[in-house]
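Here are the chains, one letter per residue:
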Amino acid sequence: MPKYYLTTPIYYVNDVPHIGHFYTTVAADVLARYRRRRGDEVMFLTGTDENSQKNVEAAAKNGYAEIQPYLDMMSGRWRETWTALDISFDDFIRTTEDRHKKAVEKFWRAVEAKGDIYQGDYEGLYCAGCEAFVLESELVDGKCAIHKKEPNRLKEKNWFFRLSGYREKLLAHIDAHPEFIQPVGRRNEVRSYVDKFMSDVSISRESMKWGIPVPGDAKSVIYVWFDALINYLSGVGYGTDDAAFAKWWPADLHLVGKDIIKFHCALWPAMLLSAGLPLPRTVFAHGFFTVNGDKMSKSLGNVVDPKGVCATYGIDPVRYFLLREIGFGSDGDFSLARLAERYAGDLGNDLGNLLHRTLSMTEKYFAGKVPAPATGDTAAVWTAYEAAMDGLDFAAALDAAWGLMRDSNRLVDTEKPWVLAKTDTVRLANVMYTLLERLRQLSWLLEPFLPHIAPKIREQLGCAAAEQGKTWEQAKIWGGLPEGGTISKGEPLFPRLEEPKKA
Ligand code: ME8
């Protein structure tokens, strides 16, 4: 069985998840579900990044005398949120876990043994928001361009990682492996950074008390990014379970937002090269989105809670919307008006209505039984869908499915089954079978995106049990819906939403 190991970033626990975190996590979940259906053994890892100064500050702000209980409570909230939203993660890594600390220690020792860690003095500007040193030249009006806050000046004795020693190797890897950094715009951005700006980084902090101690120097803690990136190894057994590690590493895909691409495509691969480990196959950085046109921020009060929006629209419609509306890899906007439009249009009209009218006509003209198979060919739809999914172009994959759906709605309009019922029952049977069979196939194509709706489609088509045991390749074969099966029309898939009450 081929294996597929994919990850999300591990998120800071200084706050609860918002729709941006949900976006990355849903994209990973769609892929995980898709790869499982294609027959891969999947490891889908997510988790929480707990050794950050931001978390320490949040613990204090929330009145916690001890940090660990705050981290336990918050990490629990992240995990519960993903569980409540049916994210199918296989493991959840926390950087305060023992298995992670062991891995970090082993990793540090390996890099040290390579001669890539040295001691030096550091003086520089540190942005706590980025958890990174920033250059004077990167500031806008003296403030971090992302966090809009003045960085602090830090001066301390630090351990450094010889990142600059990996410039040539990294450039060669980026050039030889076009799949390593995606999409291509990001590859160019990272390449030019590695080529022109990448310098050694400080990987310890003397002034900070919370974190994993530097092996052999208990006064210092390891820089949070150096620690956090290692989650991708500790999550699959590095330092604790050699067999699991040999099975899963290297990762097939790290999914990240564009804000953290340099950490993942410069620092991380250099760390791995130093430790003598293979590099992940692909790092894909998606874009950032605004909310109703504005940057999401606490001060603007427009932070979208994924649980809240899913409670109103349903989990599947929100998943669909996020991956259809915002091209994966591009920036975009999350607008509630657009969500409502796509809910009523794409989902209600195109999909819900196609199923509803097809089932109603099957009841009316064939007493609720699937008529004899007609010929048909949907191979091109599957090919387009698979190519899009393999390239992480979710919108294009959905377009392929929607193409088939819209064509089916057109088929109803042009063939007019209500007329055929009086004039040509053979043709009527062919049209109805075509529609029913296409819906069966659509349930497969939609399932990674709509994991709750797709099984309902199959139940209504009366083929849930039969489809359950099929492989992806079997599901593709035209004519899978057996003649004589009994359909059972159910509740509408996308009920009309109540108008928001006017105050
Ligand atoms: O950076 N649009 O964690 P984090 C799209 N702990 N995606 C968004 C978004 C938006 N407006 N806002 C956030 C960290 N994201 C580190 C990662 S990994 C070893 C350590 C998503 O909690 C996006 O995936 O700040 C981004 O990269 C991530 O949340 C940052 O999460």
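Residues numbered from 1 in each chain as written. Predicted model: local features only at pLDDT ≥ 70, side-chain atom pairs only at ≥ 80, totals over all residues. Heavy atoms only, no water.

1. Focus: the pattern of salt bridges
Applied cut-off: Only one rule defines a salt bridge in this text: a Lys or Arg side-chain nitrogen within 4 Å of an Asp or Glu carboxyl oxygen. By definition, any uninterrupted DSSP run of H or I lasting at least four residues is a helix, any uninterrupted run of E lasting at least two residues is a strand, and each is numbered from the N terminus.
Taken as a whole, this structure holds 40 salt bridges when the rule is applied. Here Arg410 and Asp407 are joined by a salt bridge, their closest N and O atoms 3.6 Å apart. Here Asp407 and Arg410 lie together in helix H15 (residues 394–415), a separation of three residues that amounts to about one turn. Of the charged contacts, one joins Asp407 and Arg438 as a salt bridge, the two residues approaching to 3.1 Å between their closest N and O atoms. Taken together, the positions of Asp407 in helix H15 and Arg438 in helix H17 (residues 425–446) put the pair 31 residues apart, joining distant regions of the chain.

2. Digging into the site of the ligand
Rule in force here: Only heavy atoms are used to decide nearness, and a residue is near a molecule or strand if one of them lies within 4 Å of it. Any pair of N or O atoms that falls within 3.5 Å is considered a polar contact. Within protein, one atom must be able to donate a hydrogen and the other to accept it, and sequence-neighbouring residues count only if both atoms are side-chain atoms. Gly is placed with the polar residues, together with every amino acid not listed as nonpolar (Ala, Val, Leu, Ile, Met, Phe, Trp, Tyr, Cys and Pro) or charged (Asp, Glu, Lys and Arg).
Taken together, 23 residues lie around the ligand, and Ile10, Tyr12, Thr24, Asp49 and Asp259 are the ones closest in. Side-chain polar atom of Asp49 to a nitrogen atom of the ligand: 2.7 Å apart, as the coordinates give it. Tallying contributions element by element places strand S1 (residues 3–12) first for the shell around the ligand, with four residues. For the shell around the ligand, the class distribution of residues is 12 nonpolar, nine polar and two charged.

3. Here's the deal with empty space enclosed by the protein
Test applied: Within this scheme a cavity is a closed region of a 1 Å grid, computed over the protein atoms alone, that accommodates a 1.4 Å probe without allowing it to escape, whereas a pocket is open but has protein on both sides within 12 Å along at least five of seven lines; lining residues each have an atom within 4 Å of a point. Grid points are joined across faces, edges and corners, and a volume is the space filled by probe spheres set on the points.
With the rule as written, the count across this model stands at one cavity of 30 Å³ or more. Estimated volume of the largest cavity: approximately 60 Å³. Lining the largest cavity are Asn51, Ser52, Gln53, Tyr126, Glu131, Arg205, Met208, Trp210, Val221, Ile222, Tyr223 and Val224. Considering only residue class, the lining of the largest cavity consists of seven nonpolar, three polar and two charged.

4. Remarks on the packing of helix H12 (residues 315–325) against H15
Test applied: Between N-to-C directions, angles cover 0 to 180 degrees, with each direction set by a line fitted to C-alpha atoms, over the stretch in contact for helices. Oblique is the label for any angle not covered by the other classes, which are roughly parallel (under 35 degrees), roughly antiparallel (over 145) and roughly perpendicular (65 to 115). Should any heavy atoms of two residues lie within 4.5 Å, those residues are counted as being in contact.
Closest axis-to-axis distance for the H12/H15 pair is 8 Å, and the angle between their directions is 110°. Taken as axis vectors, H12 and H15 run roughly perpendicular relative to one another. Facing Tyr320, Leu323 and Arg324 of H12, the residues of H15 in contact are Phe394, Ala395, Leu398, Asp399, Trp402 and Arg406.

5. With respect to the side chain of Ser234
Stated precisely, the cut-off is as follows: Think of it in three bands: with a 1.4 Å probe and only protein chains considered, a residue is buried below 20% of the maximum accessible area for its type, exposed above 50%, and partly exposed in between.
Mapped onto the elements of the fold, Ser234 is located in helix H8 (residues 231–234). For Ser234, a relative accessible area of 1% translates into the label buried. Discounting residues that sit within four places of it in the chain, Ser234 has contacts with Ile93, Arg99, His100 and Ala103.

6. Some points on the nonpolar core
What counts, and what does not: The nonpolar core is taken to be a set of buried Ala, Val, Leu, Ile, Met, Phe, Trp, Tyr and Cys residues, with the residues joined through side-chain atoms within 4.5 Å.
If you look at the biggest cluster of nonpolar residues, it comprises 99 residues, and the most contacted ones within it are Ile19, Phe22, Phe334, Phe394, Leu446 and Phe449. Take this core: its biggest share by element is 11 residues, from H17. Once you skip the residues sitting within four places of it in the chain, Phe394 turns out to touch Ala27, Val30, Leu31, Leu323, Phe328, Met389 and Phe449. Judged by nonpolar contacts, the second largest core, of 70 residues, contains Leu154, Phe161, Cys265 and Leu267.

7. Some details on the sheet that holds strand S5 (residues 132–134)
The condition that has to hold: Pairing between strands requires that DSSP locate at least two bridges from one strand to the other.
The strand order across the open sheet built from four strands is S5-S4-S6-S8, with neighbouring strands paired in antiparallel fashion. Here the strands that pair on one side only, and so sit at the sheet edges, are S5 and strand S8 (201–202). Direction of pairing for strand S6 (residues 152–161) relative to S8: antiparallel, over a ladder of two bridges. By the bridge assignment for S8, Phe161 is matched with Val201.

8. What about the sheet that holds strand S11 (residues 217–222)?
Read across the sheet, three strands follow the order S9-S11-S10 without closing on themselves; strand pairing throughout is antiparallel. Taken across any chain shown, the strands that pair with only one partner, and hence form the sheet edges, are strand S9 (204–205) and strand S10 (213–214). Relative to S11, S10 is paired through two bridges, and the arrangement is antiparallel. Its bridge partner being in S11, Val214 is matched across the sheet by Asp217.

9. Considerations on the pairing of S6
Taken together, the 10 bridges between strand S4 (residues 117–127) and S6 define a ladder with antiparallel strand orientation. Its bridge partner being in S6, Ile117 is matched across the sheet by Phe161.

10. Some points on unusual backbone geometry
The residue after Gln182, namely Pro183, is reached through a cis peptide bond having omega -10°. Relative to the helices and strands, Pro183 is located in the loop between strand S7 (181–182) and helix H6 (184–196). For the bond running from Trp249 to Pro250, omega is 5°, close enough to zero to count as cis. Even without a glycine there, the phi angle at Ala367 is positive, about 50°. Positionally, Ala367 belongs in the loop between helix H13 (336–366) and helix H14 (379–390).

11. Looking at the pairing of S4
Bridge count between S4 and S5: three bridges; the pairing is antiparallel. Note on S5: the bridge partner recorded for Leu125 is Val134. Counting the residues that bridge the hairpin from S4 to S5 gives four residues, and of these Glu131 lies at a positive phi of roughly 50°.

12. Some remarks on the side chain of Asp346
With respect to the helices, strands and loops of the structure, Asp346 is situated in helix H13. Beyond its immediate sequence surroundings of up to four residues, Asp346 is in contact with Tyr320, Arg324, Glu341, Leu351, Trp402 and Arg406.

13. Things to note about H12
Most of H12 is tucked away, with 10 of its 11 residues classed as buried. All of the buried residues in H12 are Ile315, Asp316, Pro317, Val318, Arg319, Tyr320, Phe321, Leu322, Leu323 and Arg324.

The values reported here are purely geometric and, on their own, carry no functional implication.
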